[in-house]
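As a plain string of letters, each chain reads:
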Amino acid sequence: MEKSDSFVQFGATGDLARKMTFVSLYRLAEKGRLDVPVIGVASNDWDVDTFRNRARADIVAAGQQIDEGVWQRLASSMDYVQGDYTRPDTYERVKDALSGASNPLFYLEIPPGLFETVVQGLYNEGLTRGSRVVVEKPFGHDLESAIQLNASLSGMLDEDQIYRIDHYLGKNAVEDIMVWRFANRMVEPIWNSDHIEAVMITMAESFDVSDRGHFYDDVGALKDVVQNHLMQVTGLLAMEPPTRNTPAAIHAEQVKVFDAIEPVEPGHFVRGQYDGYLDVDGVRDGSTTETYVALRIDIDSWRWAKVPFLIRAGKSLSLTATEVVVRFRRPPLTLFDQVGARVPDHNVMRLLLGPTGGVRLHLQAKDPTAGMTSVPVVAGIDFHQELGDELLPYELLLGEALEGDSTLFATQAMIEGTWRALQPVLDQPGEVITYRPGSMGPAEADAMAGRYGGWVDPVGGASDEPA
Ligand code: BG6
């Protein structure tokens, strides 16, 4: 696969660029993985020096130490094109700035409504040939629009030119799900409905919508983080072992999971909105957009029949943490409760996905103070402590895209599978229930999980005890 010979960033003055892209590009440059021109495109009337200075300030604001040599090399490769995305002359200027590059990478970190416009502009200038196009989420806003968007892009690009980015797939701890499952002989034999009773995924954020009201009110929690991030996590948790470590083999198994998910029943879906959301700037009066969702997913396969996957995500909750809890069935014999005290707890495997990555196993050990009785103990691995620094998600993903490795990007079939599974609750979202900021969401979501032993809050949460 040919390496890209330039990096063109549409939306170069936007929030995502400022928070994530520049620092990622800097870190790639530092490691010698970015030695191509970087061209920012946006409507702001900046010159190239303003662009470079802003980028530098953003890299520093992201907490990155700057090495002057690395920065000078990166800065001297940076160029800026000012333009309106709807005007052909913008793409003429992009073409000039590319000065004959034959394998450019176009990164579209722009509002999704502009994806087609920009690709059309590039196509009209003959710039899509030999290129890769990285598109930000969300890809569509439901199944039909995702199909339409793809139909329109595929008139101008081949599928293997389109890289649908989801930064969760670039998180070290999320990728570790595959390594954890398939590089450890002890995990995979028990990773099925014979041994697992329920799988829960919680993405809790203690912060609110803040200054993102305009964006968020059109989207809501389901489309913002579940259809993409948490469904991708579900895919990695539930997939069969791929036959090879290739994009095609891995994507094929991920697609099978999404295809096997039964359309989510509206009765297995709870929507919440934190008290105070309606006062956020940019939120419509009386908006019913959800800032919290909880849902139950059923995967119709031999491995997962009758194992609920419970997913919840919300803003203004009591903590910030993303975590998978795999709750195992109890041992078939309750040997140890007969001697006295208590029924042994379920084993629980927690996969910590953020803000820190790790694994915790909730096991039983002999109670040293009593007879033959068990007590819960926790064994844990913190990836950072054990293994050191990791790549930033965008650093990894943009680096892979520049090199033409699409393993960590979503394919159209994956995207359609996730929208298809969620379509019934997009069609029938139901009422939105107000919840208290600082809580863990509406009580109705607890009732839904209660049937399966209840939610296990992420580490640091209110019930950080073995289930
Ligand atoms: C983004 C969402 O995709 O992911 C945000 O738009 C959310 O609303 C963010 O806060 C969470 O990402 P992370 O990496 O901080 O868990």
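Fair warning: this is a prediction, and the values are worked out from it, not measured in the lab. (Residues numbered from 1 in each chain as written. Predicted model: local features only at pLDDT ≥ 70, side-chain atom pairs only at ≥ 80, totals over all residues. Heavy atoms only, no water.)

### A closer look at the overall build of the protein
Thought 1: A count of helical and extended segments in the protein gives 14 helices and 15 strands.
Thought 2: For a compact globule of 467 residues, the expected C-alpha radius of gyration is about 23 Å, and the protein comes in at 24 Å, within 12% of that figure.
Thought 3: C-alpha atoms of the protein, sized along the principal axes, occupy 80 × 50 × 40 Å.
Thought 4: With 467 residues in all, the protein has 54% of them scored as buried.
Thought 5: Look at the contacts in the protein between residues 6 or more apart in sequence, and 76% of them connect residues 24 or more apart.
Thought 6: Split by element, the accessible area of the protein, about 20,200 Å² in all, is 51% carbon and sulfur. (Helix = DSSP H or I, 4+ residues; strand = E, 2+ residues; numbered from the N terminus. Rg over C-alpha atoms; globule rule 2.2 N^0.38 Å. Buried < 20%, exposed > 50% of the residue type's maximum accessible area, 1.4 Å probe, protein only. Contact = heavy atoms within 4.5 Å. Areas by Shrake-Rupley, 256 points an atom, 1.4 Å probe, with all protein chains shown as cover.)

### Overview of the sheet that holds strand β13 (residues 358-366)
Thought 1: The strand order across the open sheet built from nine strands is β14-β13-β12-β11-β7-β10-β9-β8-β15, with neighbouring strands paired in mixed fashion. The outermost strands of the open sheet, each flanked by one partner alone, are β14 (374-382) and β15 (432-435). Strand-to-strand, the axes of this sheet are offset by a mean angle of 20°, without reference to chain direction.
Thought 2: Note: strand β8 (residues 269-274) against β15, four bridges, orientation parallel. Residue pairing across strands places Q273 opposite T434, the latter belonging to β15.
Thought 3: Contacting β7 (196-204), β8, β9 (292-297), β10 (309-314), β11 (321-328) and β12 (348-354), helix α9 (residues 220-238) crosses the sheet at an angle of about 145° to β10.
Thought 4: In this fold helix α14 (residues 443-450) packs onto β8, β9, β10 and β15, with an angle of close to 15° to the strand it touches most, β9. (Pairing = 2+ DSSP bridges. Axes fitted to C-alpha atoms, helices over the stretch in contact; angles between N-to-C directions.)

### As for the sheet that holds strand β5 (residues 132-135)
Thought 1: The six strands lie next to each other as β3-β2-β1-β4-β5-β6, forming an open sheet whose pairing is parallel. The open sheet has two free edges, formed respectively by β3 (78-82) and β6 (162-164), since each of these has just one partner strand. Strand-to-strand twist in this sheet, taken as the mean axis angle between neighbours without regard to direction, amounts to 20°.
Thought 2: Where helix α5 (residues 115-124) meets the sheet, it contacts β1 (6-10), β4 (104-108) and β5, and its direction lies at approximately 160° from that of β4.

### Concerning the nonpolar core
Thought 1: F10, F106, L108, L237 and L295 are the most contacted members of the largest nonpolar core, which totals 144 residues.
Thought 2: Take this core: its biggest share by element is ten residues, from α9.
Thought 3: Beyond its immediate sequence surroundings of up to four residues, L237 is in contact with I177, R181, W191, V199, I201, W304, F309, V324 and L351. (Core = buried A, V, L, I, M, F, W, Y, C linked by side-chain atoms within 4.5 Å.)

### A few points about the site of the ligand
Thought 1: Taken together, the residues surrounding the ligand are K137, H167, Y168, K171, M203, E205, F207, R212, D224, V225, H229 and K315.
Thought 2: Here Y168 contributes a side-chain N or O atom positioned 2.6 Å from an oxygen atom of the ligand.
Thought 3: Within the side chain of K171, an N or O atom sits 2.7 Å from an oxygen atom of the ligand.
Thought 4: With the chains in place, 75% of the 400 Å² that the ligand exposes on its own is no longer accessible.
Thought 5: For the shell around the ligand, the leading source of residues is α9, giving three residues. (Near = heavy atom within 4 Å. Polar contact = N/O pair within 3.5 Å; in protein donor to acceptor, adjacent residues only side chain to side chain.)

### A look at the packing of aromatic side chains
Thought 1: Going through the model one piece at a time under the given rule, you end up with 13 aromatic pairs.
Thought 2: Consider the rings of W304 and F309, whose centres lie 5.1 Å apart with planes at 85°: the pair is edge-to-face. Taken as a pair, W304 and F309 share a single burial class, namely buried.
Thought 3: Among the aromatic residues, those joined into a ring-pair cluster are Y216, Y274, Y277, Y292 and Y435.
Thought 4: Over the aromatic face of F139 sits the side chain of R164, whose NZ or CZ is 4.9 Å from the ring centroid.
Thought 5: The positively charged end of K171 is found above the aromatic ring belonging to Y168, 4.7 Å away from the centroid. (Phe/Tyr/Trp six-rings, centres within 6.5 Å; stacked < 30°, edge-to-face > 60°. Lys NZ or Arg CZ within 6 Å of the ring centre and 35° of its normal.)

### Quick look at the environment of D367
Thought 1: With respect to the secondary-structure elements, D367 resides in the loop between β13 and β14.
Thought 2: Residue classification places D367 among the buried residues on the basis of a relative accessible area of 14%.
Thought 3: Sequence separation between D367 and D382 is 15 residues, and the spatial gap between their C-alpha atoms is 26 Å.
Thought 4: In this structure, D367 is in contact with T373, S374 and V375, ignoring residues within four places of it in sequence.

### Regarding helix α12 (residues 393-403)
Thought 1: Within α12, ten of the eleven residues are buried, leaving the element largely enclosed by the surrounding structure.
Thought 2: Summarising the contacts, the buried residues of α12 are in contact with β1, α1 (15-30), β4, β5, β6 and α7 (172-182).
Thought 3: Of the residues trailing α12, G404 is marked for its positive phi of about 85°.

### Points about unusual backbone geometry
Thought 1: Cis geometry marks the peptide bond from K137 to P138; its omega dihedral reads -5°.
Thought 2: Position of P138 among the secondary structure elements: in the loop between β5 and α6 (143-154).
Thought 3: With an omega of 0°, the peptide bond between G354 and P355 qualifies as cis.
Thought 4: Even without being a glycine, S99 presents a positive backbone phi close to 30°.
Thought 5: Structurally, S99 can be placed in the loop between α4 (88-98) and β4.

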